[in-house]
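Remarks on the overall topology
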Amino acid sequence: VQDSAASARWRDHTLRRALGRLRRWQRWGAPFADAKILLLEAESAWQAGARARALECFDRATEAARRSGLAHDEGLASERAARHCMQAGRTDFAR
């Protein structure tokens, strides 16, 4: 149990640092930051059990990536959303 708690703390620390860095780049006008921020927020929400918020963030990440011409991020957001939905037994959303 202690290892999983330490792992969760490390994951949260790493996530906060990554989001902070991406938000800074976003303020500086980096066109790729929006989709990546939304993708990390979606993953975080899913892990926290906020499934509806996570799906909304995945959808917004997909749209942001499409608008920015980031095909890889668009595919990644769609794939992560589908995998989470499949694991949760939500095959209706996974498609």
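The coordinates are above.
Residues numbered from 1 in each chain as written. Predicted model: local features only at pLDDT ≥ 70, side-chain atom pairs only at ≥ 80, totals over all residues. Heavy atoms only, no water.

Within the largest apolar cluster, 14 residues are counted, with the highest numbers of intra-cluster contacts made by Leu39, Ala54, Phe58 and Ala61. Elements with a contribution of two residues or more to this core: helix 2 (33–47), helix 3 (51–68) and helix 4 (71–87). Discounting chain neighbours no more than four positions away, the residues touching Phe58 are Leu39, Ala42, Glu43, Ala77, Arg80, Ala81 and His84. Leu15, Leu19, Ala33 and Ile37 belong to the second-largest nonpolar core, a separate cluster that totals six residues. (Core = buried A, V, L, I, M, F, W, Y, C linked by side-chain atoms within 4.5 Å. Buried < 20%, exposed > 50% of the residue type's maximum accessible area, 1.4 Å probe, protein only. Helix = DSSP H or I, 4+ residues; strand = E, 2+ residues; numbered from the N terminus. Contact = heavy atoms within 4.5 Å.)

A few words now on the pattern of salt bridges. Summed over the entire model, instances satisfying the criterion amount to nine salt bridges. Across the pair Lys36 and Asp73 runs a salt bridge, and its minimum N-O distance is 2.5 Å. Taken together, the residues Lys36 in helix 2 and Asp73 in helix 4 connect sequence positions 37 residues apart. On the basis of relative accessible area, Lys36 is assigned to the partly exposed category, the value being 29%. Classification of Asp73 as buried rests on a relative accessible area of 9%. Glu56 is the salt-bridge partner of Arg60, the closest N and O atoms lying 4.0 Å from each other. Here Arg60 pairs with Glu56, and both are found in helix 3, just four residues apart, close to one helical turn. A relative accessible area of 43% places Glu56 in the partly exposed class. When salt bridges with common partners are traced through the structure, they connect Arg23, Glu41 and Arg53 into a single cluster. (Salt bridge = Lys/Arg side-chain N within 4 Å of Asp/Glu carboxyl O.)

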